[in-house]
Amino acid sequence: MKTRTKFVALLSAIAFFVLSLFGLSGALRAFADGEADAESPDPDPGYAQLTSLYYFSDYSGSEEYFDNGFLRDYINWNPYITDAHLYYSGNYNGDYIPFWEMIGMMMAYGDMDIENAFIIFEVRGSLSKEPGIFTAPVTDEQIYEHYENSVYPTLEYLFAMWKGKGCKIMFISGTDEVWYEQDPMNKFLDYADIHINTDLLTTFTYSLVQISCTQHDFAEGVMILDGTMSQDWFFRKFLLPYIVSFYYENGILLNIPPITEYDDYDDINVIQSILDELHLTVYFYENGGYTDIYENTVNTDTVENKVYDSGYLCIIAEAESLLDENETLLNLYCAKGGNAEFFVFNLRCVPVEDIPSDIKYCGLSDEKMDDYLSAIMCDFILNDVPSLQKYDNWDGRCMVTFKPLFPGDGWLLGPDGCVLPGIL
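Basis of the calculations
- Residues numbered from 1 in each chain as written.
- Predicted model: local features only at pLDDT ≥ 70, side-chain atom pairs only at ≥ 80, totals over all residues.
- Heavy atoms only, no water.
- Phe/Tyr/Trp six-rings, centres within 6.5 Å; stacked < 30°, edge-to-face > 60°.
- Buried < 20%, exposed > 50% of the residue type's maximum accessible area, 1.4 Å probe, protein only.
- Lys NZ or Arg CZ within 6 Å of the ring centre and 35° of its normal.
- Salt bridge = Lys/Arg side-chain N within 4 Å of Asp/Glu carboxyl O.
- Helix = DSSP H or I, 4+ residues; strand = E, 2+ residues; numbered from the N terminus.
- Pairing = 2+ DSSP bridges.
- Contact = heavy atoms within 4.5 Å.
- Axes fitted to C-alpha atoms, helices over the stretch in contact; angles between N-to-C directions.
- Lys, Arg positive; Asp, Glu negative; His and termini not counted.
- Polar contact = N/O pair within 3.5 Å; in protein donor to acceptor, adjacent residues only side chain to side chain.
- Parallel < 35°, antiparallel > 145°, perpendicular 65-115°, else oblique.
- Left-handed = near helix turned anticlockwise from the far one by under 90°.
- Nonpolar A, V, L, I, M, F, W, Y, C, P; charged D, E, K, R; others polar.
- Core = buried A, V, L, I, M, F, W, Y, C linked by side-chain atoms within 4.5 Å.

A. Summary view of the packing of aromatic side chains. Counted by the stated rule, this structure contains 37 aromatic pairs. Between F99 and W100 the ring centres are 5.1 Å apart and the planes differ by 85°, which places this aromatic pair in the edge-to-face class. The exposure classification of F99 matches that of W100, with both residues buried. Clustering of aromatic rings is evident, with ring pairs tying together Y54, F56, Y87, F99, W100, F121, Y152, F159, W162, F171, Y180 and F188. Directly above the ring of F66 sits R72, whose terminal nitrogen or CZ lies 5.1 Å from the centroid. Its end group placed over the ring of Y47, K168 keeps NZ or CZ at 4.6 Å from the ring centre.

B. Highlighting the pattern of salt bridges. Under the defined criterion, the tally for this structure stands at 13 salt bridges. A salt bridge links K163 to D193; the shortest N-O distance between them is 2.9 Å. Within this pair, whereas K163 is found in helix α6 (residues 152-164), its partner D193 is found in the loop between β7 (168-173) and β8 (194-197), the two being separated by 30 residues in sequence. When its relative accessible area of 28% is taken as the criterion, K163 is described as partly exposed. With its nearest N and O atoms 3.2 Å apart, the salt bridge here joins K237 to D263. Note that K237 is positioned in helix α8 (residues 235-249) and D263 in the loop between α8 and α9 (268-278), a separation of 26 residues in sequence. The class of K237 is buried, set by a relative accessible area of 15%. By relative accessible area, D263 is classed as partly exposed at 46%.

C. Region of interest: unusual backbone geometry. Each neighbour pair has its own omega, and for D183 with P184 the value is 15°, a cis peptide bond. Here P184 is to be found in the loop between β7 and β8. Within the chain, N116 stands out as a residue other than glycine whose phi angle is a positive 50°. Relative to the assigned elements, N116 resides in the loop between α4 (99-108) and β6 (117-123).

D. The arrangement of the sheet that holds strand β11 (residues 289-291) in detail. Ordered in space as β12-β11-β10-β9-β13-β14-β15, the 7 strands form an open sheet in which the pairing is mixed. Strand pairing shows two members of the sheet lacking a second neighbour, β12 (297-298) and β15 (360-362), which therefore form its edges. The sheet strands contacting helix α10 (residues 300-309) are β9 (221-226), β10 (280-286), β11, β12 and β13 (312-318), and the helix crosses β9 at an angle near 130°.

E. Here's a closer look at the side chain of D292. Secondary-structure assignment places D292 in the loop between β11 and β12. In this structure D292 is buried but unpaired, with R236 as the nearest side chain of opposite charge at 8.9 Å. Within the structure, D292 has its side chain in polar contact with the backbone nitrogen of Y294 (distance 2.9 Å). A polar contact of 2.9 Å, which involves the side chain of D292, links it to the backbone nitrogen of N296.

F. Layout of helix α3 (residues 70-77). Across the 8 residues that make up α3, a large majority, 6, are buried. For α3, the set of buried residues is F70, L71, R72, Y74, I75 and W77.

G. Structural context of the packing of α8 against α9. At a minimum axis separation of 12 Å, α8 and α9 run at an interaxial angle of 45°. The pairing of α8 with α9 is recorded here as oblique in orientation. Seen along the crossing, α8 lies across α9 with a hand that is left-handed. Side by side, α8 and α9 meet where F235, R236, L240, I243, V244 and Y247 of the first sit next to I268, I271, I274 and L278 of the second. Residues that form the contact of α8 with α9 fall into these classes: 9 nonpolar, no polar and 1 charged.

H. Structural detail: the pairing of strand β14 (residues 340-345). Buried residues dominate β14, accounting for 6 of its 6 residues. Judged by which residues are buried, β14 turns out to be covered on both faces: A340, F342 and V344 on one side and E341, F343 and F345 on the other are all buried. In the sheet, β14 pairs with β15 via 3 bridges, with the strands oriented parallel. If you follow V344 over to β15, its bridge partner there is Y361.

I. Broad picture of the side chain of S207. Inspection of the secondary structure puts S207 in helix α7 (residues 201-215). Every residue in contact with S207, bar those within four places of it in the chain, is listed here: W411, L412 and L413.

J. How the structure looks around the nonpolar core. In this structure, F56, F121, W162, F204 and I316 are the most contacted members of the largest nonpolar core, which totals 80 residues. A per-element tally of this core places α8 first, with 9 residues. Beyond its immediate sequence surroundings of up to four residues, F204 is in contact with M229, F234, I316, F343, V344, F345, K360, C362, W411 and L412. I75, L373, L388 and Y391 belong to the second-largest nonpolar core, a separate cluster that totals 37 residues.

In short, shape yes, function no, at least from these values alone.
Given below as structure tokens:
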């Protein structure tokens with residue numbers, strides 16, 4: 001059999017110490033529009049020595065890619081590939097296999113000593129997004145302490161070894177490079193041929209904060225988050241640190257209690273002090289009603305009157321809010337008129353059509369993301385390395401860094417100004 005799928009069982013506890021597409025080729029746009037060429041192209045003869053493919057992944061969809069999807073086609077189209085392997089961490093026979101534990105076990109048994117192979121290393125959920133890892137201002141000691149207690153040395157070791165043994169490496173990550181952009185944490189990207197970064201939430205959040213703080217003014221403003229984006233994972237643990245970081249980076253000192261650790265953003269008194277300093281009122285909309293930061297119910301008329309009297313309205317919602325039959329948030333946004341923004345993120349990767357042009361929308365459906373990956377994997381496996389250069393649309397340490405954006409994402413701000421939220 002040309003191909004075999006390997007599932008690694010949990011044998012021992014071995015743990016290891018995570019803009020635009022306008023310039024891309026017509027081939028990518030064709031794949032994104034579902035127009036992929038069904039004919040098998042001739043593989044590049046310069047890579048005849050690459051006779052194996054190894055796919056390491058923490059993403060459940062990798063099984064479909066590998067067994068029946070587009071990756072299966074490209075493996076079969078390349079006559080030089082004589083064997084291929086999938087190592088997927090997930091639920092197998094009722095047991096969960098943590099990704100890095102799987103990698104550590106394979107290293108311990110010598111299974112990572114690979115040469116002359118295509119390698120796809122995919123960690124969509126296994127690198128962390130942790131605002132407040134560092135205490136501002138960041139010092140070299142903090143960086144190296146975090147580096148030594150993370151998976152980045154493992155990535156650097158593996159990628160350097162594979163590159164030295166004639167491998168071609170694709171790195172797929174669900175964490176924006178801003179979270180590990182300090183050297184040496186991102187040094188492993190020097191050895192990758194292409195880095196596909198699927199994290200749009202970081203770019204979305206940074207961009208909406210920059211727009212709200214610079215083009216508008218939070219002062220005397222109202223922010224409304226829908227039921228999905230208002231949960232602690234986003235409002236307290238993601239959005240607030242970015243807002244505070246914006247003012248810190250711009251030399252504006254907020255009269256708030258000292259934030260000495262990331263968990264301080266769970267303190268309701270800290271949250272209230274930040275909102276008071278910004279003269280910002282926050283409501284959460286869910287199940288047809290509104291609540292405040294104390295989870296108290298707020299009358300709809302009260303919210304609407306506050307919105308109409310405010311200087312700025314900022315609505316942050318998940319894509320399914322656009323599918324709300326009552327269009328509550330959309331109607332509120334339209335009624336406000338000027339000095340308002342509606343930011344929408346496609347968290348669940350659902351298909352959304354007919355997005356109003358004045359809404360700042362970000363995110364892809366699973367189908368669109370797969371179209372993009374299909375086009376890039378085709379070139380990765382069947383063509384030479386220079387063919388990947390056309391996908392370079394984002395600033396990053398790797399020679400080719402791709403972020404899955406499309407023309408409607410022109411409002412997003414690039415990584416040159418993107419900063420890591422810190423602790424004050």
